[in-house]
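An overview of the molecular structure
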Amino acid sequence: MSHTPIDQQRAWCALAEHAAGMGRRHLRDLFDEQPSRYETFGRSAAGLTLDLSKQRWTDQTLELLLDLAREADVPEAIRGLLAGERVNRSEDRPALHTALRLPADARLEVEGQDLVASVHATLDRMEAMVERFHNGQWRGATGKPIRDVVNLGVGGSDLGPLMVTHALADYRPDVEQHIDVHFASTMDGSQLADYLARLNPETTLFVLSSKSFTTIDTLSNARTARDWLKARLLGGARQEGVDEALLMRQHFIGVSASPEKMSEWGIADDHQLEFWEWVGGRYSLWGAIGLPVALVVGMEHFRGLLAGAHEMDRHFREAELADNLPVLLALAGIWNVNFLDIRAHSILPYDGRLEYFAAYLEQLEMESNGKSVTHDGESVSYSTCPVLWGQLGPNAQHAFYQLLHQGTQAVECDFIAPKVRYDDVPDPATRDHLMGQHRLTLANCFAQSRALMLGDAAVADDEDGPRPGHRRYRGNQPSSTLLLDRLTPRTLGALVALYEHKVFVQATIWDINPFDQWGVELGKTMAGETQRILQHEAGLEGMDDSTRGLIEAVWAAEPQADA
Ligand SMILES: O=P(O)(O)OC[C@H]1O[C@](O)(CO)[C@@H](O)[C@@H]1O
């Protein structure tokens, strides 16, 4: 049964009217009128402080947005998500990433099955594996301890673990055998080739991470890795007792929702880690897909990450809408996209450890909410996910901030930084210096959001008259600032869960499914067809003129078989 689209309902219409009444009111005026904006629009939970005072809104705007959330039945949607209802309607299954971070003594029965026990059984198996690596007991086929692990995966089977291992690199435990973890995702093999050129096959293991275990990008890298190992360990200098079965057993772990496909590929049964169809790929870092994280930081810190995410889940479930961080962040986004027509969103962390955070969010947000039909299959008549991109803030200052300050696009920005850093460095000289560098970074972070807000109202005109156009800044660019008490496994877990839930709340209001990704299928099908043509297994007829021209250009450049 189709229902009235959200943009024709009362709260949305009231917001549209309110937005028209607000016109393009400047943020600097909003701050002049309401000096206590930080207190009014700031909230804290789970080690995170969210300052929404630099959003171009008023108390009344927020009230109306909260009405919208109620009208879209966000509280009921949150309940259904966390209870394991089939919220992924196009694929008819729950989206239960939150179950992956429930504590062992919790209970979650979904459709007659208690999920917590199986989640923790997998965590325990991961722990046993990680311990074998860290004790130097996981040995390659020639008997040497494994020292390097290469994760072969793409999308959610790459971006989450990559982002977290980088963010938590300070948390390496003191163990006998450190493991260096590397990530190769690209189907062209270039990242993998770099590793193969410098890694020792005797001490290298590959984790094949793929929920479906059918992703060609990952499987083609996996084949290359297998051939490399065979050529190096079974080839000319063949070692006594090393055979293919031993090589496959000692140098590959599989992580997937399809044990059959892992077995078909040759992964030993006890070297398979499973997860479930009800975990979406881009929501999967909390379980077995997080193995590379656990190999770097150890299980204790991995469990800390889960605990932080769980704390945010509880906050999401229990806090009133008006105090609920994910809900508020989502509403700020809705206000910008749908009522201020700001359809670009930049993610700007001010901490080098969060280098891959924006790339991670690009998938989380755009693969989830880059949709244009409702749950009922109707085309939406309003904008959904903005174009979201980002980069480390300090580097982006010297790259694309020019556009933020003086371009023609309005952009919403998220500034993210830890309050404290480097106070735990043992050497006082270095520590003092580095803490100074952290304050320098925070000064830049706060100054940039302030400059974007105020524009050149922040600085006096020169004595010799007003500044020329190229030195003027209009300001009025909205932003949110998120401060982490410190960057720890717990706060990182809470931060990621905050964004996951923000995406869900927006999807609920937009009436779209954030848990499928049918849009990526067409390109995959067409790539198969194009590959057959490139390999001369099918003819060019039916190709458009552009693609035909490009294929012929490649054929002309390729070496001829008989040359
Ligand atoms: O883990 P898999 O099944 O290899 O999929 C990798 C990625 O590919 C996608 O399905 C998109 O093609 C993502 O949603 C997913 O994270």
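Residues numbered from 1 in each chain as written. Predicted model: local features only at pLDDT ≥ 70, side-chain atom pairs only at ≥ 80, totals over all residues. Heavy atoms only, no water.

**As for the overall build of the chain**
Put simply, the rule reads: Numbering of helices and strands starts at the N terminus; helices are DSSP runs of H or I of at least 4 residues and strands are runs of E of at least 2. To get the radius of gyration, use the C-alpha atoms; to get the globule rule, take the number of residues to the power 0.38 and multiply by 2.2 Å. Each residue's exposure class comes from its accessible area (1.4 Å probe, protein chains only) as a fraction of the maximum for that residue type: buried when under 20%, exposed when over 50%, partly exposed otherwise.
Within the chain, the regular secondary structure consists of 20 helices and 13 strands. Against the 2.2 N^0.38 benchmark of 24 Å for 563 residues, the chain shows a C-alpha radius of gyration of 26 Å, consistent with a compact globule. Its C-alpha atoms give the chain principal-axis dimensions of about 80 × 70 × 65 Å. Burial analysis of the chain (563 residues in total) assigns 54% to the buried set.

**A word on the sheet that holds strand β7 (residues 204–209)**
Short version of the rule: Paired strands, in this sense, are two strands between which DSSP finds at least two bridges. Lines are fitted to the C-alpha atoms to define the axes, a helix being fitted only along its stretch in contact, and any angle between axes, read from their N-to-C directions, falls within 0 to 180 degrees. Whether two residues are in contact is decided by their heavy atoms, any of which lying within 4.5 Å being enough.
A sheet is described by the order of its strands in space; here five strands give the open sequence β6-β5-β7-β8-β9, paired in parallel fashion. Strand pairing shows two members of the sheet lacking a second neighbour, β6 (180–184) and β9 (272–274), which therefore form its edges. With direction set aside, neighbouring strand axes in the sheet form an average angle of 20°. Where strand β5 (residues 148–152) lies against β6, five bridges are found, and the strand directions are parallel. From the neighbouring strand, V150 faces β6, where its bridge partner is H182. Lying on the sheet, helix α9 (residues 216–233) is in contact with β5, β6, β7 and β8 (252–256); it crosses β7 at an angle near 160°.

**Examining the site of the ligand**
Here is the rule: The nearness test applies per residue and asks whether one of its heavy atoms lies within 4 Å of the molecule or strand. Polar contact is the term for a pair of N or O atoms within 3.5 Å; when the atoms are in protein, one must be able to donate a hydrogen and the other to accept it, and sequence-neighboring residues count only if both atoms are side-chain atoms. In these tables, accessible area is a Shrake-Rupley quantity obtained with a 1.4 Å probe, and a residue counts as shielded only by the protein chains included in the view. Only protein atoms enter the 1 Å grid used here. Points where a 1.4 Å probe fits but cannot escape make up a cavity, open sets with protein on both sides within 12 Å along at least five of seven lines make up a pocket, and a residue lines them when an atom lies within 4 Å of a point. Criterion for pocket placement: a molecule counts as inside a cavity or pocket if more than half of its atoms are within 2 Å of its grid points. Classification used: nonpolar for Ala, Val, Leu, Ile, Met, Phe, Trp, Tyr, Cys and Pro, charged for Asp, Glu, Lys and Arg, polar for all others including Gly.
In the vicinity of the ligand, 14 residues are found, and the nearest of them are G156, S157, S210, S212 and T215. Residue S210 places a side-chain N or O atom 2.6 Å away from an oxygen atom belonging to the ligand. One nitrogen or oxygen atom from the main chain of K211 is found 2.8 Å from an oxygen atom belonging to the ligand. When the ligand is considered free in solution it has 390 Å² of accessible area, and contact with the protein chains removes 87% of it. In a pocket analysis with a 2 Å cut-off to the grid points, the ligand is assigned to the largest pocket. Partitioned by chemical class, the residues of the shell around the ligand number two nonpolar, eight polar and four charged.

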